[in-house]
Amino acid sequence: MHSPADSLAPDWLVVPDDANDLPTAVWPASAARDDDGTLTLAGIPATALAQTYGTPLLVLDEDEVRSRARSFRIAFDEAAAENGTTAQVYYAGKAFLSTAVARWVVDEGLRVDVCTGGELEVALAAGVAPASLGFHGNNKSVAELERAVEVGVGTIIVDSAIEIERLAAITARTDAVQRVLVRVISGVHAETHDFLATAHEDQKFGFPLPDAAIAVARIREIPGLEFAGLHCHIGSQIFGVAGFRESAERVLELHAALLAGGPVPQLNLGGGFGIAYTSVDDPTPIETLAGEIVAAVAAGCAARGIAVPALSFEPGRAIVGTAGVTLYEVGTTKDVELESGAVRRYLSVDGGMSDNARPALYGAQFSARLASRLGVGAPQLSRVVGKHCESGDIVVDHEYLPGDVVPGDLLAVPSTGAYCASLASNYNHVARPPIVAVRDGRSTVIVRGETLADVLSRDAGILVGDEARA
Ligand code: LLP
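Thresholds applied
- In this numbering scheme, every chain counts its residues from 1 along its sequence in written order.
- pLDDT decides what is reported in this predicted model: residues at 70 or higher carry local features, side-chain atom pairs at 80 or more are listed and counted, and totals for whole chains, interfaces and linings draw on all residues regardless.
- Side-chain calculation: all heavy atoms of the structure are included, whereas hydrogens and water are not.
- Here, the term nonpolar core denotes a set of buried Ala, Val, Leu, Ile, Met, Phe, Trp, Tyr and Cys residues that are joined through side-chain atoms within 4.5 Å.
- The buried label applies to any residue whose accessible area, calculated with a 1.4 Å probe on protein chains only, is under 20% of its type's maximum; exposed applies above 50%, and partly exposed to all values in between.
- Domain boundaries shown here were taken from an automatic or database domain assignment.
- We call two residues in contact whenever any of their non-hydrogen atoms come within 4.5 Å of each other.
- Any residue with a non-hydrogen atom lying within 4 Å of a molecule or strand is treated as near it.
- Pairs of N or O atoms are called polar contacts if they sit within 3.5 Å, as long as, within protein, a hydrogen donor faces a hydrogen acceptor (for residues adjacent in sequence, only side-chain-to-side-chain pairs).
- Using a 1.4 Å probe, accessible areas were evaluated by the Shrake-Rupley method; residue-level cover was limited to the displayed protein chains.
- Amino acid classes used here: Ala, Val, Leu, Ile, Met, Phe, Trp, Tyr, Cys and Pro are nonpolar; Asp, Glu, Lys and Arg are charged; the rest, including Gly, are polar.
- At least two DSSP bridges between two strands are needed for those strands to be called paired.
- Here a helix means four or more residues in a row that DSSP labels H or I, a strand means two or more in a row labelled E, and each is numbered from the N terminus.
- Look down the strands so they point away from you; if going from the first strand over the helix to the second traces a clockwise path, that crossover is right-handed.
- Between N-to-C directions, angles cover 0 to 180 degrees, with each direction set by a line fitted to C-alpha atoms, over the stretch in contact for helices.
- The sense of a crossing depends on the near helix, which, turned anticlockwise from the far helix by less than a right angle, makes the crossing left-handed and, turned clockwise, makes it right-handed.
- Note: buried area is the sum, over both parts, of the accessible area (probe 1.4 Å) each one loses when the two are combined.
- Salt bridge criterion: a side-chain nitrogen from Lys or Arg within 4 Å of a carboxyl oxygen from Asp or Glu.
- Taking the helix axis as origin, the arc is that swept by the directions to the C-beta atoms.

Observations regarding the nonpolar core
Part 1 of the argument: Membership of the largest hydrophobic core comes to 104 residues, with the highest contact counts inside it found for Phe76, Tyr91, Ile156, Val182, Leu230 and Phe273.
Part 2 of the argument: Here this core spans two domains, since at least three of its residues come from each of domain 1 (4–56 + 322–456) and domain 2 (63–315).
Part 3 of the argument: When sequence neighbours within four positions are dropped, the list of residues in contact with tyrosine 91 reads Phe96, Leu97, Val101, Val105, Leu110, Arg111, Val112, Asp113, Pro315, Gly316, Ile319 and Val320.
Part 4 of the argument: Residues Leu49, Leu57, Ala276 and Val436 belong to the second largest nonpolar core, which totals 21 residues.

Examining the site of the ligand
Part 1 of the argument: Looking at the ligand, there are 21 residues lining it, with Ser236, Glu314, Arg358, Tyr362 and Tyr419 nearest.
Part 2 of the argument: Taking histidine 233, its side chain carries an N or O atom lying 3.5 Å from a nitrogen atom of the ligand.
Part 3 of the argument: Separating an oxygen atom of the ligand from a backbone N or O atom of glycine 272 is a distance of 2.8 Å.
Part 4 of the argument: Contact with the protein chains removes 91% of the 590 Å² of surface that the ligand exposes when unbound.
Part 5 of the argument: Grouping the amino acids of the shell around the ligand by side-chain chemistry returns 7 nonpolar, 8 polar and 6 charged.
Part 6 of the argument: A domain-level breakdown of the shell around the ligand finds at least three residues from each of domain 1 (4–56 + 322–456) and domain 2 (63–315).

Thoughts on the pairing of strand β6 (residues 111–114)
Part 1 of the argument: Relative to β6, strand β5 (residues 87–92) runs parallel, the two being bridged by 3 bridges. Its bridge partner being in β6, alanine 92 is matched across the sheet by aspartate 113.
Part 2 of the argument: Where the polypeptide runs from β5 across helix α3 (residues 99–107) and back to β6, its parallel neighbour, the crossover connection is right-handed.
Part 3 of the argument: Taken together, the 3 bridges between β6 and strand β7 (residues 133–135) define a ladder with parallel strand orientation. Along β7, the bridge assignment pairs aspartate 113 with glycine 134.

A look at the packing of helix α7 (residues 209–221) against helix α8 (residues 242–258)
Part 1 of the argument: As a packed pair, α7 and α8 sit with axes 11 Å apart at the nearest point and diverge in direction by 35 degrees. As for how α7 packs across α8, the hand of that crossing is right-handed. Of the residues in α8, those in contact with Leu209, Ala212, Ala213, Val216 and Arg220 of α7 are Arg250, Leu254 and Leu258.
Part 2 of the argument: Partitioning the contact of α7 with α8 into residue classes produces 6 nonpolar, no polar and 2 charged.

Overview of the domain arrangement of the chain
Where the parts come together, the accessible area they lose is often given as the size of the interface.
Part 1 of the argument: The domains assigned to the chain are domain 1 (4–56 + 322–456) and domain 2 (63–315).
Part 2 of the argument: Computed from C-alpha atoms alone, the centre-to-centre distance between domain 1 and domain 2 is 33 Å.
Part 3 of the argument: With 26 residues of domain 1 at the contact, the number on the domain 2 side is 22 residues.
Part 4 of the argument: With both chains or domains summed, domain 1 and domain 2 bury close to 2100 Å², and 63% of this area falls on carbon and sulfur atoms.
Part 5 of the argument: Looking at the side of domain 1 facing domain 2, the largest losses of area belong to Thr322, Tyr362 and Tyr419, adding up to 24% of the total buried there.
Part 6 of the argument: Put simply, domain 1 and domain 2 have 1 salt bridge between them.
Part 7 of the argument: Residue arginine 439 pairs with aspartate 63 through a salt bridge whose shortest N-O separation is 2.7 Å.
Part 8 of the argument: Linking domain 1 with domain 2 are 8 residue pairs in polar contact (both at pLDDT 80 or more), by the criterion used here.
Part 9 of the argument: Elements with a minimum of two residues in the side of domain 1 that touches domain 2: α11 (358–362), β20 (435–439) and β21 (442–447).
Part 10 of the argument: Residue classes in the side of domain 1 that touches domain 2 are distributed as 17 nonpolar, 6 polar and 3 charged.

Side note on the side chain of serine 354
Part 1 of the argument: Residue placement: serine 354 occurs in the loop between β15 (343–349) and α11.
Part 2 of the argument: Using a relative accessible area of 3% as the deciding quantity, one classes serine 354 as buried.
Part 3 of the argument: Side-chain polar atoms of serine 354 contact the side chain of histidine 388, separated by 2.7 Å.
Part 4 of the argument: Residues within four places of serine 354 in sequence aside, it is in contact with His388, Ala424, Ser425, Tyr427 and Val430.

Section: helix α1 (residues 46–53)
Part 1 of the argument: Listing the buried residues of α1 in full gives Ala46, Leu49 and Ala50. Along the long axis of α1, the arc covered by the buried residues comes to 95 degrees, so they all point the same way. Turned more than 90 degrees away from the buried face of α1 sit Gln51 and Thr52, all of them exposed.
Part 2 of the argument: Positive phi shows up at glycine 54, right after α1, with a value of about 80 degrees.

Written out as structure tokens, the structure reads:
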């Protein structure tokens, strides 16, 4: 059924037969509707979650995180075994890190990749074995590097010549031997948003391939550093294997050359595996990706007559992305008539770019469903917007939602587990929402929400709590 607003719909968006359905690729496996039509997550009605914890609320499905972590581990283990090598999967904590999530992924056999001192402390507090941590970053401070070496971080991925000298000094001082990988720029431009592509030449990460050879030679001279291999991450939200294959091919050329100067036991090909945000995204199953990427590396090694190195990968989004669902309450609705005569429906919710900056930052598309009941109105093209003082404060740019959505309804936005909480801000002095894990009908706060007092307490001129009462 078409409404006058359909002329505003992008080509990719199809009018759903049922605007209450839950397309499997974008929802956690546990998402369902109960008898009265309420969305349930891990068996818990969205209405009950909203009542207990308030909205906005980020709900993280523990079994979804665990099963995705397990699938990655098994897929890469099997692909590596078939090609005569081993593979390690590091969970890229930048996608979303809390002590609970770190424990779940480690429990499922993953290691953890951190990229700041803050993420390192979360992983350590979760009890992750330091030896199973990888530490990234293009500008790690001396204090961060000292802490990493002191606690025994397994691998530091070095990003600059200056960092190599800092590590040389730290290891000389502490008599430590630190294993390092060298991050390289393969020159492959992954087909993704410019800000999400990291292996083309003109950006801040890693060493161009010729400089990397010099960096490795220098590392091999330093008694406190153990060179373990090369690292390359081509970008994020990538579909298909072409970019990984091309990048591996280029990096293997250097890898093979470096063997002349000593061992090169490892190769880390980074993360970046894409997920579905809307019903039109169709990510390739991880078993297929793992099989094809590892086979391509093995073929590249065979062509050069070298052994297949131990491989590592660093998925973040693909582990945690579809495990997250954000619940919002609708506050106002508005039909705006445009010059063309088309009418766009705006649904304003009680969060926005402070809890999900991805649409504003990357033009990212999301989807949404009415969560508190079944809609009965015909599907109506709608734009879900936040409460911030900015017209780019869009949560879901284009979605067909039942035409009868009214203030007080709950909307659920799926695929918000990755890079939403981790990019959250206090824009407009809005408090960041709590994060609740759900599993088997039970919910647990894993990151508490901020109160307005928390937010205000940073202003030196505002007295809050005991101070204000004194
Ligand atoms: N390894 C390295 C070295 C990385 O820089 C990243 C992501 C990953 C692994 C994990 O990539 P993933 O598997 O999650 O795609 N804020 C952006 C994404 C930034 C990605 C940064 N690096 C977004 O919301 O799309």
